[in-house]
Amino acid sequence: MVWIGALAAAVVTGTGAAAGYLGLVTGALPLDVGAGRRSRPLGPQAVDIAAPREVVFDVIAQPYLGRATRAMREKVLVLERGSDMVLAAHRTPVAGGRLTATTVETVRFSRPERVDFRLVRGPVPAVTESFTLTEQESGTRLVYEGELATDLWRAGQWWGGLVAPRWEATVAASLASVRQEAERREVLR
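Computed from a predicted model, the values in this text were never measured in an experiment.

**Student:** I'd like a rundown of the nonpolar core, residues and numbers included.
**Tutor:** Ranked by size, the top nonpolar core spans 34 residues in total, and within it Phe131 and Leu142 carry the most contacts. Of all elements in the fold, only β1 (38–49), α2 (53–65), β3 (85–94), β4 (99–110), β5 (114–121), β6 (126–136), β7 (139–150) and α4 (153–188) reach the threshold of two or more residues within this core. Residues within four places of leucine 142 in sequence aside, it is in contact with Gln45, Ala46, Val47, Ile49, Ile60, Phe131, Thr132, Leu133, Leu175 and Val178.

See below:
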């Protein structure tokens, strides 16, 4: 009979750990305890785009301030909108597409040179990011930089080491998408 109790305790513990992990990965169970906070840089990543800065800015801002395409509506849901800032939920497939992580971020627009993001809810307690747009002779240079913070000392540092590469890969895909759309729009002008 003792082994049944031990088995039940192991099942409950395992189930709780799995649920906690899934909650953390998907952003449904944010962990922000404020103890042992460590930060790490995100980026920089830069992409040169053969389109004017205003066009690039409009491509970045469209899902938030304008009418989003169907594909973007599946990824971004604007929860609240102001004149220069929105609160938006971002959905990102994780675990080979079997799960969806949802982050909630503020997005602030400083036309035409900058877009800033600040995490409100997600798999880590804090992320700040910026897209900076600089005019160049051949078009626009878009530079991404940020900082990701985790709590709980080494455990949080380990978690940040898992989250950061995926976060940066998602940003890289976004930058490639912005480049493609901005250059497409420039050809059509």
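Once you've had a look at it, read on.
**Student:** I'd like a description of α2, backed by residues and values.
**Tutor:** With 13 residues, α2 ought to run about 18 Å at 1.5 Å a step, and its terminal C-alpha atoms sit 17 Å apart, in line with that. Largest kink in α2: about 35 degrees, centred on valine 59, with the proline proline 63 one to four residues after it. Considered for burial, the residues of α2 that qualify are Arg53, Val55, Val56, Phe57, Val59, Ile60, Ala61, Pro63 and Tyr64.

**Student:** Before we move on, can you summarise unusual backbone geometry with the specific residues and values?
**Tutor:** Note that the residue after glycine 43, namely proline 44, is joined by a cis bond; omega there is 5 degrees. Topologically, proline 44 is positioned in strand β1. Residue proline 112 is reached from arginine 111 by a cis peptide bond, and omega for that bond is -5 degrees. Tracing the sequence through the fold places proline 112 in the loop between β4 and β5.

**Student:** Requested: an account of α4, with residues and values cited.
**Tutor:** Across its 36 residues, α4 extends 51 Å between first and last C-alpha, which sits within 8% of the 52 Å expected from 1.5 Å per residue. Its axis deflected by about 25 degrees at valine 163, α4 carries its strongest bend there, up to four residues before the proline proline 165. Within α4, the full set of buried residues consists of Gly156, Trp159, Gly160, Val163, Ala164, Trp167, Val171, Leu175, Val178 and Ala182.

**Student:** So, the packing of aromatic side chains: which residues are in play, and what are the values?
**Tutor:** Using the criterion set out here, one finds 6 aromatic pairs in the structure. Between phenylalanine 131 and tyrosine 144, the aromatic rings sit 5.9 Å apart at their centres with planes inclined by 75 degrees, giving edge-to-face as the arrangement. Here tyrosine 144 lies in strand β7 and phenylalanine 131 lies in strand β6, a separation of 13 residues in the sequence. By relative accessible area, phenylalanine 131 is classed as buried at 8%.

**Student:** Pulling in residues and values, what's your account of the pairing of strand β2 (residues 76–81)?
**Tutor:** Along any regular strand, the residues point their side chains to alternate faces of the sheet. As judged from the 5 bridges shared by β2 and β3, these two strands associate in the antiparallel manner. The partner of glutamate 80 across the bridge, within β3, is leucine 87. Between β2 and β3, which follow one another and run antiparallel, lie 3 residues.

**Student:** Could you give an account of the side chain of arginine 53, naming the residues involved and the relevant values?
**Tutor:** Here arginine 53 lies in helix α2. Non-local contacts of arginine 53, meaning those with residues more than four positions away in its chain, are made with Pro112, Glu113, Leu133, Thr134, Glu135 and Thr140.

Basis of the calculations
- Residues numbered from 1 in each chain as written.
- Predicted model: local features only at pLDDT ≥ 70, side-chain atom pairs only at ≥ 80, totals over all residues.
- Heavy atoms only, no water.
- Core = buried A, V, L, I, M, F, W, Y, C linked by side-chain atoms within 4.5 Å.
- Buried < 20%, exposed > 50% of the residue type's maximum accessible area, 1.4 Å probe, protein only.
- Helix = DSSP H or I, 4+ residues; strand = E, 2+ residues; numbered from the N terminus.
- Contact = heavy atoms within 4.5 Å.
- Expected span 1.5 Å × (residues − 1).
- Bend = angle between axes of the 7 residues up to and from the residue.
- Phe/Tyr/Trp six-rings, centres within 6.5 Å; stacked < 30°, edge-to-face > 60°.
- Pairing = 2+ DSSP bridges.

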